[in-house]
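Topology and contacts: notes
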Amino acid sequence: MGIESIGVIGAGIMGNGITQVLAASGLEVVMIDINQAAIDKGMQSISASFDRLVKKEKMSTDDKAAALARIKPSLDYADLKGLHLVIEAATENKPIKEKILKQIDGVCDPQTIIATNTSSLSVTQLASNISNPSRVIGMHFFNPVPLMALVEIIRGLQTDDATHQSIHDLAQRLGKTPITVKNAPGFVVNRILVPMINEAFFVLGEGLASAEDIDNGMKLGCNQPIGPLALADLIGLDTCLAIMEVYFNNFNDSKYRPCPLLREMVDAGYLGRKTGRGVYQY
């Protein structure tokens, strides 16, 4: 049987983006967060995104209404019971993710697939505390989820073939292109991308060029659609720092040392677009 009902934990940027894509693809979705304000903000974001699609004539008003009707906002993990799949899309923080995954495991059926949207943490470790680790897998979407075509599917050591195939099929149903990767810090895309962003902060911190010139240099010289510093603001500087710390702690290699400027900006609360200020002001 295919996946038809899905829970998403987290109504933030990634969670509401995943929820939007699932609902637009005809799937029933329960979107859970810790408070009503977060849920309301997530639903407003989804509705506004659908409005933009309607304006561009990529979606009808009836399609928008039908997609929104397939989303059940909730504060109660009990609403996850009986679902085919639950996707954890919380912040990139290992203790938080472990706590959420245990809560999911406590209410879901043994056959429910549990996916984590982690961008750098070990799926094998996260699965080790789950009662049925063979049903745990990484499903790493990219931001903004409705626009980005890639999904990294990460197999933990315990992940079985049926779980992998189900998630691979789901990604294709969503119109995404899945790639399967082994469990390792950062997987494939972020293993290459985030150290590049970190190096851009070193270049900025050393005063070699302005932020604008660094980004223009990478856009025009390397044909990137967005410069690394602007991309860091989009991802979230706190997320970039967290990923670099995972690399540094796991590989024990100085080449993954987080840039002091990146750390200082996070300490100042300059996290990027989500706070209105990062490398740039918004």
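Because the structure is a prediction, the values reported are computed rather than measured.

Conventions used here
Residues numbered from 1 in each chain as written. Predicted model: local features only at pLDDT ≥ 70, side-chain atom pairs only at ≥ 80, totals over all residues. Heavy atoms only, no water. Helix = DSSP H or I, 4+ residues; strand = E, 2+ residues; numbered from the N terminus. Expected span 1.5 Å × (residues − 1). Buried < 20%, exposed > 50% of the residue type's maximum accessible area, 1.4 Å probe, protein only. Arc of directions from axis to C-beta. Contact = heavy atoms within 4.5 Å. UniProt positions renumbered as here; feature names shortened; annotations may be inferred. Polar contact = N/O pair within 3.5 Å; in protein donor to acceptor, adjacent residues only side chain to side chain. Domains from an automatic or database assignment. Buried area = accessible area lost by both parts, 1.4 Å probe. Salt bridge = Lys/Arg side-chain N within 4 Å of Asp/Glu carboxyl O. Nonpolar A, V, L, I, M, F, W, Y, C, P; charged D, E, K, R; others polar. Axes fitted to C-alpha atoms, helices over the stretch in contact; angles between N-to-C directions. Parallel < 35°, antiparallel > 145°, perpendicular 65-115°, else oblique. Pairing = 2+ DSSP bridges.

1. So, helix α6 (residues 161-173)
- For α6, built from 13 residues, the straight-helix expectation of 18 Å at 1.5 Å per residue is met to within 8% by its first-to-last C-alpha distance of 18 Å.
- Among the residues of α6, those classed as buried are Thr 163, His 164, Ile 167, His 168, Leu 170 and Ala 171. Mapping the buried residues of α6 onto a view down its axis gives an arc of 160°, with all of them on the same face.
- Buried residues along α6 sit in contact with β1 (5-9), β4 (85-88), β5 (113-116), β6 (136-141), β7 (150-155) and β8 (177-182).

2. Some points on the UniProt feature "domain: 3-hydroxyacyl-CoA dehydrogenase C-terminal" (unreviewed entry) in the chain
- UniProt feature "domain: 3-hydroxyacyl-CoA dehydrogenase C-terminal" (unreviewed entry): in the numbering of this structure it lies at residues 186-282.
- Taken end to end, residues 186-282 has its terminal C-alpha atoms 28 Å apart, with 62% of it in helix and 0% in strand.

3. Describing the UniProt feature "binding site: NAD(+)" (unreviewed entry) in the chain
- UniProt's entry tags Gly 10, Ala 11, Gly 12, Ile 13, Met 14, Gly 15, Asp 33, Glu 92, Lys 97, Ser 119, Asn 143 and Lys 274 with the feature "binding site: NAD(+)" (unreviewed entry), counted in the numbering of this structure.
- Structurally, the position occupied by Gly 12 is in the loop between β1 and α1 (13-24).
- Excluding its chain neighbours within four sequence positions, the residues that come into contact with Gly 12 are Gly 17 and Asp 33.
- In this fold, Asn 143 is placed in the loop between β6 and β7.
- Beyond its immediate stretch of four places on either side in the chain, Asn 143 contacts Ile 13, Met 14, Met 148 and Leu 234.

4. A short note on the environment of Ser 122
- Position of Ser 122 among the secondary structure elements: in the loop between β5 and α5 (123-127).
- Here the alpha-carbon distance between Ser 122 and Gly 278, two residues 156 residues apart in the chain, equals 28 Å.
- A polar side-chain atom of Ser 122 sits 3.4 Å from the main-chain amide nitrogen of Thr 124.

5. Remarks on unusual backbone geometry
- Backbone torsion omega between Asn 143 and Pro 144 reads 0°, so that peptide bond is classified as cis.
- When you line up the elements, Pro 144 lands in the loop between β6 and β7.
- With a phi close to 60°, Glu 57 is a non-glycine residue in the positive phi region.
- Inspection of the secondary structure assignment puts Glu 57 in the loop between α2 (36-55) and α3 (61-69).
- Taking the relative accessible area as the measure of exposure, Glu 57 reaches 74% and is therefore exposed.

6. With respect to the domain arrangement of the chain
- In terms of domains, the chain is made up of domain 1 (5-182) and domain 2 (191-273).
- Domain 1 and domain 2 are separated by 27 Å when their C-alpha centres are compared.
- For the pair domain 1 and domain 2, the summed buried surface comes to about 450 Å²; carbon and sulfur atoms form 63% of the total.
- It is Glu 92, Ser 120 and Asn 143 that lose the most area in domain 1 upon contact with domain 2, and together they represent 65% of the buried surface on that side.
- At the junction of domain 1 with domain 2, the criterion picks out 0 salt bridges.
- For the pair domain 1 and domain 2, the interface holds 0 residue pairs in polar contact (both at pLDDT 80 or more).
- Among the residues making up the side of domain 1 that touches domain 2, the classes are represented as 1 nonpolar, 3 polar and 1 charged.

7. Observations regarding the packing of helix α7 (residues 189-205) against helix α11 (residues 260-267)
- Where α7 meets α11, the axes come as close as 7 Å, and the angle between the chain directions of the two elements is 90°. Judged by the angle between their axes, α7 and α11 are roughly perpendicular. Note on element contacts: α11 touches α7 through Pro 260, Leu 261, Leu 262 and Met 265, opposite Asn 198, Phe 201, Phe 202, Leu 204 and Gly 205.
- When grouped by side-chain class, the residues that make up the contact of α7 with α11 number 7 nonpolar, 2 polar and no charged.

8. Re the sheet that holds β7
- Judged by pairing direction, the sheet is mixed, and its 8 strands sit side by side in the order β3-β2-β1-β4-β5-β6-β7-β8 without closing on themselves. Across the chains shown, the open sheet's two edge strands, defined by having one partner strand only, are β3 (71-74) and β8. Pairwise comparison of adjacent strand axes, ignoring direction, gives a mean angle of 25° for this sheet.
- Packed onto the sheet, α1 meets β1, β2 (28-32), β3, β4 and β6 and runs at close to 165° relative to β2.

9. Looking at the pattern of salt bridges
- Going through the model one piece at a time under the given rule, you end up with 10 salt bridges.
- Between Glu 98 and Lys 94 there is a salt bridge, with the nearest N and O atoms lying 2.8 Å from each other. With Glu 98 and Lys 94 both in helix α4 (residues 94-107) and 4 residues apart, the pair spans about one turn of that helix.
- On the accessibility criterion, Lys 94 (29% relative accessible area) is partly exposed.
- A salt bridge links Asp 161 to Arg 155, with the shortest nitrogen-to-oxygen separation between them at 2.7 Å.
- Of the residues examined, Asp 161 reaches a relative accessible area of 57% and is grouped as exposed.
- Taking the relative accessible area as the measure of exposure, Arg 155 reaches 24% and is therefore partly exposed.
- Overlapping salt bridges bring together Glu 88, Glu 92 and Lys 97 as one network.

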